[in-house]
Structures are given as structure tokens and as C-alpha cells.
Amino acid sequence: MTEATAVQVAGRKLKLTSLDKLLYPSTETTKGEVLSYYAQVADVMLPHLAHRPVTRVRWPHGVGDQSFFEKNLPSGAPSWLARVPVDDVTYPLVDDLAALTYLVNLNSIEFHVPQWTVDDEGVAQNPNRLVIDLDPGTGAGLHECAVVALIVRERLEALGLDLFPVTSGSKGMQLYAALGGDLTSDQVRDLAQQLAQELTKKHPDLILWKMTKSLRPGKVFLDWSQNVAAKTTVCPYSMRGRETPTCAAPRTWDEVEAGADDREALQHLMFDEVLERIDAHGDLLEGLFDA
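In the annotation of an unreviewed UniProt entry, the entry for the protein chain reads Bifunctional non-homologous end joining protein LigD, and the organism field reads Pedococcus cremeus.

Student: If you had to explain the environment of Arg277 to someone new, which residues and values would you point to?
Tutor: Inspection of the secondary structure puts Arg277 in helix H6 (residues 271-281). A relative accessible area of 18% places Arg277 in the buried class. Sequence-wise, Arg277 and Arg251 are 26 residues apart; in three dimensions their C-alpha atoms are separated by 9.6 Å. If we ignore the near neighbours within four places in the chain, the residues touching Arg277 are Pro250, Arg251, Thr252, Glu255, Leu269, Gly282 and Leu284.

Student: Please set out the domain arrangement of the protein chain residue by residue, giving values where relevant.
Tutor: For the protein chain, the domain assignment lists domain 1 (4-124) and domain 2 (126-281). A separation of 24 Å is found between the C-alpha centroids of domain 1 and domain 2. Facing the 28 residues of domain 1 at the interface are 31 residues of domain 2. Among the residues domain 1 hides against domain 2, the three largest losses belong to Tyr24, Tyr37 and Gln115. Together they make up 30% of the total.

Student: Hey, could you go over helix H2 (residues 97-105) for me, with residue numbers and the actual values?
Tutor: The buried fraction of H2 amounts to eight of the nine residues, a majority that puts the element mostly inside the structure. When we look at burial in H2, the residues that qualify are Ala98, Ala99, Leu100, Thr101, Tyr102, Leu103, Val104 and Asn105. N-cap assignment for H2: the residue whose side-chain oxygen lies 3.2 Å from the backbone N of Ala98 is Asp96. Positive phi appears at Asn107, one or two residues downstream of H2, with a value of about 65°.

Student: Can you tell me about the sheet that holds strand E6 (residues 68-70), naming the residues and giving the values?
Tutor: The antiparallel open sheet is built from four strands, whose spatial order is E6-E5-E9-E15. Both edges of this open sheet fall to E6 and strand E15 (233-234), since each of them pairs with a single strand only. Each of strand E5 (55-58) and strand E9 (108-113) is contacted by H2, which is oriented at about 125° to E9, the strand it contacts most.

Student: Give me the layout of surface pockets: which residues, what numbers.
Tutor: Of the voids in this model, the largest pocket is the one considered here, and its volume is about 550 Å³. Forming the walls of the largest pocket are 26 residues, and the residues nearest its centre are His112, Asp133, Gln226, Thr232 and Arg240. Contributing elements (two or more residues each) for the lining of the largest pocket: E9, strand E10 (129-136), strand E14 (220-223) and E15. By residue number, the principal contributor to the lining of the largest pocket is E10, which donates four residues. Each residue belonging to the lining of the largest pocket can be placed in one class, and the counts come to eight nonpolar, nine polar and nine charged. Mapped onto the domain boundaries, the lining of the largest pocket takes at least three residues apiece from domain 1 (4-124) and domain 2 (126-281). The volume enclosed by the second largest pocket comes to roughly 230 Å³. As for the second largest pocket, its lining consists of 14 residues, and the residues nearest its centre are Lys71, Tyr91, Ala229, Ala230 and Thr232. Of the domains in this structure, domain 1 (4-124) and domain 2 (126-281) are the two that each give at least three residues to the lining of the second largest pocket.

Student: Could you give me a rundown of the side chain of Asn107, with the residues and numbers involved?
Tutor: Here Asn107 is to be found in the loop between H2 and E9. The class of Asn107 is buried, set by a relative accessible area of 8%. When sequence neighbours within four positions are dropped, the list of residues in contact with Asn107 reads Lys21, Leu23, Lys31, Val57, Arg58, Trp59 and Pro60.

Student: Please give an account of the packing of helix H1 (residues 31-49) against H2 that cites residues and values.
Tutor: H2 packs onto H1 with a crossing angle of 140° between their chain directions and a minimal axis gap of 9 Å. It follows that H1 is oblique to H2 by the angle criterion. Taken as a pair, H1 and H2 cross one another with a handedness that is right-handed. Contacts from Lys31, Val34, Leu35, Tyr38, Ala39, Ala42, Leu46 and Leu49 in H1 reach Leu97, Leu100, Thr101, Val104 and Asn105 in H2.

Student: Residues and numbers for the pattern of salt bridges, please.
Tutor: With the rule as written, the count across this model stands at 12 salt bridges. Its salt-bridge partner being Glu144, residue Arg263 comes within 2.8 Å of it at the nearest N-O pair. Taken as a pair, Arg263 in the loop between helix H5 (253-261) and strand E18 (269-270) and Glu144 in helix H3 (residues 142-157) lie far apart in primary sequence, 119 residues in all. With a relative accessible area of 45%, Arg263 lands in the partly exposed category. What you see here is one network of salt bridges that share partners, running through Arg56, Arg58 and Glu70.

Cut-offs applied
Residues numbered from 1 in each chain as written. Predicted model: local features only at pLDDT ≥ 70, side-chain atom pairs only at ≥ 80, totals over all residues. Heavy atoms only, no water. Helix = DSSP H or I, 4+ residues; strand = E, 2+ residues; numbered from the N terminus. Buried < 20%, exposed > 50% of the residue type's maximum accessible area, 1.4 Å probe, protein only. Contact = heavy atoms within 4.5 Å. Domains from an automatic or database assignment. Buried area = accessible area lost by both parts, 1.4 Å probe. Polar contact = N/O pair within 3.5 Å; in protein donor to acceptor, adjacent residues only side chain to side chain. Pairing = 2+ DSSP bridges. Axes fitted to C-alpha atoms, helices over the stretch in contact; angles between N-to-C directions. 1 Å grid on protein atoms, 1.4 Å probe; cavity = no way out; pocket = protein on both sides within 12 Å on 5 of 7 lines; lining within 4 Å. Points joined across faces, edges and corners; volume = space filled by probe spheres on them. Nonpolar A, V, L, I, M, F, W, Y, C, P; charged D, E, K, R; others polar. Parallel < 35°, antiparallel > 145°, perpendicular 65-115°, else oblique. Left-handed = near helix turned anticlockwise from the far one by under 90°. Salt bridge = Lys/Arg side-chain N within 4 Å of Asp/Glu carboxyl O.

Structure below.
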């Protein structure tokens, strides 16, 4: 039988199971350590999850085994877990540490969210952020993403947008900008697509706006489609289901500039490194809430 540990989290009684299970066999990282990471990162992560329907990626037997995306509220979810219907799916809303812990205990390692939020009545609002997803093709990596990120920053700063870089913990990088909520998802998508097409024309050897895989070796796909209302992006601070416990980690522009100059300078960060950075710098994405 699965051993359960009773805990109190944010005023809720929860039973945590299989704390010794290896979710990352290559680093011997246990489910208990994953739960501990999310508990420690919650103060800075929860604002990025708040009011957004949450899609999870679950690895029931660890990252070396099969995973699945889950959008619907888990069966047996407690009545106190906030939720919102969107089309024919009822999504959980993660508004406190109890909700986050409940979902992580189900072996949810990754958390993905759209660029839009819902109001207190569950009505979808216009997106309050733009995201540019930099996806490197074969032979490219964070170095090429950093070079492209600086190009994108220069172009969008000319439009009055401040960008915030996040290394994805998987392959590439995301660039976020706060929006005021006066544009629809379709309008934001169109803006991002026009940007991608413009930069592809200026930098055809480095940037690609089409997702055709045969065209991508050595280049960075500037994925404008992450702004489509139905799409989601990995939430900042989410762990990733890779071989090692890397995370989607906010970065400084000094780090990105160093990565553009030196191929080895910018690397994806492990979960313990992310916690150290939070202790030192807090949330590097605080400016996203200023629009």
C-alpha cells in the first residue's frame, strides 16, 4: 500500500503519498524534494498561475516513463479546489499553496498556462501579457536564442514594451512583455506573427517564422503562436520533465548578453539553483504585473 503523510497546507488537510518515489532517477530526485521545491517557490510562482486555467503534465512513474497532459480537473479533486469551465473543459485554478501541493502530489511536474486570465466570475479576459517563444532547431541552442532575444528586445523596446527573459528549462527561451488588456488574443497573435515575419526577413540565417521542421536546423523559430487563446506556455518557475530537474527560470538581461557573447555562458538552471536565485533576487518577473 502507498504510504501517506498527513499535512496541513494553507489551512487544508492533505495526504501526501510516495514521498521517496524517484521522479528524476538520473539525479535521484524524489517526489518529496519536488514537493519541497514547489512549496519554497510558491510565493513567486503563484502570481504567475493566478486566475489562469492550468494545464498539467503528469509523470506517474517519474520522468523516465510515460507522461500525459491533463486539462480537466482531476477526478476526486476536493471541493475547495478552485475551478473554471472553458468551452467543454473544467480547469483547476491554482490560487494558493494547498492547490499547488495537491496537484504536485498527483505527480504533476509541469504547469502550463495561457496568456489570458479569468475574472472572479470565470469570464475570460483579454491577454495581459505577450510571449515570444524562442525554439532552437537542431544545431542551435541557448546561445542562438540569446542572440535572437537581443534582436527582439531592441525591436519591441522601440514599441515601448519592456521584455523579461526566461530560460525554459527544456530547449529554448521565452520573452514576456506586460500588456494592458486592450488587445484580444487574435490581435496579440497577429502582432507577434508580424514581428516574426519582419525579423525573419532581416535575419534569414538565424530567425524563422514558419514552424516547418525541415527549415529549422541552426535557426531559432520565433513562435508567435503561443499567443493564440487556445495555446499555453510553461509557467515561470515550473519544473520540467527532462532527464534532470531543470526549471523555467527568469534571467537577467546581463545573463542573456553574456550568453550571446559566449556559447557556454548561458545554461538551463536546476531547481536548487532557482531557489538560490530567489533568495538573492526575489522574482525577476515582478515588472510583468505593472501594466
